[in-house]
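Structural description and commentary
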Amino acid sequence: MAELRSRRSNLAVPGSNPRFLDKARGLDADQVFLDLEDACAPLAKPAARKNIVAALTEGGWGDKIRTVRVNDWTTQWTYQDVIEVVGGAGADLDCIMLPKVQDAGQVQALDMLLAQVERAHGLPVGRIGIEAQIETAQGLVNVNQIAFASPRIETIIFGPADFMASINMKSLVVGALHPDYPGDPFHYILMQILMAARARGVQAIDGPFLQVRDVDAFREVARRSAMLGFDGKWVLHPGQIDAANEIYAPSQADYDHAELILDAYDWATSEAGGAKGSAMLGDEMIDEASRKMALVIAGKGRAAGLSRTSSFTPPEG
Ligand code: GLV
Ligand code: MG
């Protein structure tokens, strides 16, 4: 997996609302994405570009990942979004999010436009990442090529609301289970996105849950994608942030256990530990595969800022 910058909570902030942009700075989200797409009415887009440039260049975002979601390539707005936002605030921006990505060509087009704007403004070429949102049947069919379309790709994101519309799903509750379907209707889609992201070594991010006052229902949906291996989820409301930060980080017990496995296996494979390929940690047998699983959990825990509450002591004799 690529270097893991924590993206447990991805806060959506409409670019058309300077008050929300201001407030977002102080919230505890790992990432903010300032939206020029669906949360911005067509008539509000020109002003929103300016609000976003001002909000980014003013700073104060701490170590949050700063992303701007531009409009998709089928509109008339994408090129101007990129030229204005990257031209005005390229040095204060980490990623551009591209919605409704249909194929690898759309990612490559954004990559080339970014490179030109970076060159024109004396910015390092290639530093700004791309987050690709999968929101249509066509995008999902092409997700593997999309994941490999550019070295700038940092995340593959599920856009459940647009996706449900794209496949004519018979429900209006985004991301939730439905009593008429005996399973999780999103499982196949989430797994396709996760496989593409993992094959490419980038992060997989789950999309929004719209019933923003029902944090228990948000938790339920989030726990499912976290369990599969997703790295984070969008949050639309400050009330969803703590839940996402908690659910997409390992529990303290799992984090401690993962660090113990790493230390114990390190010791077991060393000369002092007998140069063994497998060993016992309490009642558990650990080997190289255990180390790999532990690395994932420990990596996520470290990225989330967890600290160990136990330490490894080599067995005597
Ligand atoms: C997000 O953009 C979604 O469509 O769910
Ligand atoms: Mg969408």
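None of these values were measured; they are calculated from a predicted model.

Scoring rules and cut-offs
- Residues numbered from 1 in each chain as written.
- Chains lettered and ligands numbered in written order.
- Predicted model: local features only at pLDDT ≥ 70, side-chain atom pairs only at ≥ 80, totals over all residues.
- Heavy atoms only, no water.
- Helix = DSSP H or I, 4+ residues; strand = E, 2+ residues; numbered from the N terminus.
- Expected span 1.5 Å × (residues − 1).
- Buried < 20%, exposed > 50% of the residue type's maximum accessible area, 1.4 Å probe, protein only.
- Contact = heavy atoms within 4.5 Å.
- UniProt positions renumbered as here; feature names shortened; annotations may be inferred.
- Pairing = 2+ DSSP bridges.
- Axes fitted to C-alpha atoms, helices over the stretch in contact; angles between N-to-C directions.
- Donors = N, O, S within 2.8 Å, 3.2 Å for Na, K, Ca; no water.
- Near = heavy atom within 4 Å.
- Polar contact = N/O pair within 3.5 Å; in protein donor to acceptor, adjacent residues only side chain to side chain.
- Areas by Shrake-Rupley, 256 points an atom, 1.4 Å probe, with all protein chains shown as cover.
- Nonpolar A, V, L, I, M, F, W, Y, C, P; charged D, E, K, R; others polar.
- Phe/Tyr/Trp six-rings, centres within 6.5 Å; stacked < 30°, edge-to-face > 60°.
- Lys NZ or Arg CZ within 6 Å of the ring centre and 35° of its normal.

Across its 14 residues, helix α9 (residues 215–228) extends 20 Å between first and last C-alpha, which sits within 8% of the 20 Å expected from 1.5 Å per residue. Every buried residue of α9 is accounted for by A217, F218, V221, A222, S225 and A226. Buried residues along α9 sit against α8 (187–200), β7 (203–206), β8 (232–235) and α10 (241–247).

Turning our eyes to something else, we now look at the UniProt feature "binding site: substrate" (unreviewed entry) in the protein chain. UniProt records the feature "binding site: substrate" (unreviewed entry) at R69 and E135, using the numbering of this structure. The greatest C-alpha distance among the residues just named is 13.8 Å, despite their covering 67 residues of sequence, which places them together in space. Checked against the element boundaries, R69 lands in strand β3 (residues 65–69). In this view, R69 contacts F33, L34, D35, L36, E37, D38, A39, M97, P99, Q133 and W234; residues no more than four positions away in its chain are not counted. Locating E135 in the fold gives a position in the loop between β5 (129–134) and α5 (137–141). Relative accessible area serves as the criterion here: at 2%, E135 is assigned to the buried category.

Taking 1.5 Å per residue, 18 residues should reach 26 Å; helix α11 (residues 252–269) reaches 26 Å between its end C-alpha atoms and fits that length. What α11 keeps buried is the set Y255, D256, A258, E259, L260, I261, L262, A264, Y265 and A268. Looking at the buried residues of α11, the elements they touch are β9 (279–281), β10 (284–286) and α12 (288–303).

Further remarks concern the sheet that holds strand β4 (residues 95–98). For sheets, the rule is that strands pair by backbone hydrogen bonds, running either parallel or antiparallel. Taken together, eight strands build a closed barrel; the order of strands is β1-β2-β3-β4-β5-β6-β7-β8 and the barrel is parallel. Here the average twist between neighbouring strands, direction ignored, is 25 degrees. Here strand β1 (residues 9–14) runs beside β8; their pairing, made up of three bridges, is parallel. Across the sheet, residue S9 finds its bridge partner in β8, namely K233.

Moving on to the side chain of R49. The topology assignment puts R49 in helix α2 (residues 45–58). Taking the relative accessible area as the measure of exposure, R49 reaches 3% and is therefore buried. The residues touching R49, leaving out its near neighbours within four places in the chain, are L36, W77, Q80, D81 and E84.

What follows concerns the coordination of the magnesium ion (ligand 2). Protein ligation of the magnesium ion (ligand 2) involves E135 (OE) and D162 (OD), the donor distances falling in the range 2.0 Å. Of the two residues, E135 sits in the loop between β5 and α5 while D162 sits in helix α7 (residues 160–166), which places them 27 residues apart along the sequence.

Glancing now at the side chain of R66. For R66, the location among the structural elements is in strand β3. With relative accessibility at 17%, the residue R66 sits in the buried group. Contact partners of R66, with chain neighbours within four places excluded, come to V32, L56, W61, D92, L93, D94 and C95.

Checked against the element boundaries, A55 lands in helix α2. Considered as a pair, A55 and L21 are 34 residues apart in the sequence and their alpha carbons are 6.7 Å apart. Those residues in contact with A55 that lie beyond four places of it in its chain are L21, R25 and W61.

So, about the site of ligand 1. Residues in contact with ligand 1, as listed here, are R69, Q133, E135, G159, P160, A161, D162, P208 and W234. A distance of 2.9 Å separates an oxygen atom of ligand 1 from a polar atom in the backbone of D162. Within the complex, the protein chains bury 94% of what would otherwise be the 190 Å² of accessible surface of ligand 1. Here the residues of the shell around ligand 1 are counted per class, giving four nonpolar, two polar and three charged.

So, about the UniProt feature "domain: HpcH/HpaI aldolase/citrate lyase" (unreviewed entry) in the protein chain. Following the UniProt record, the feature "domain: HpcH/HpaI aldolase/citrate lyase" (unreviewed entry) maps to residues 9–238 here. A distance of 10 Å separates the end C-alpha atoms of residues 9–238, which is 41% helix and 17% strand.

This structure, assessed with the given rule, holds four aromatic pairs. Pairing F33 with W234 gives two aromatic rings, centres 4.4 Å apart and planes at 45 degrees, and the pair type is tilted. Here F33, found in strand β2 (residues 31–35), pairs with W234, found in strand β8; they are 201 residues apart in sequence, far enough to count as distant. Comparing F33 with W234, the two get one shared label, buried. Note on W267 and F312: the rings are 6.4 Å apart at their centroids and 55 degrees apart in plane angle, and the pair reads as tilted. One end of the pair, W267, is in helix α11; the other, F312, is in the segment after α12, and 45 residues separate them in sequence. Each residue in the set F158, F163 and F186 is aromatic and connected to the rest through ring pairs, giving one cluster. Note that K45 overlies the ring of W77, its terminal NZ or CZ placed 4.8 Å from the centroid.

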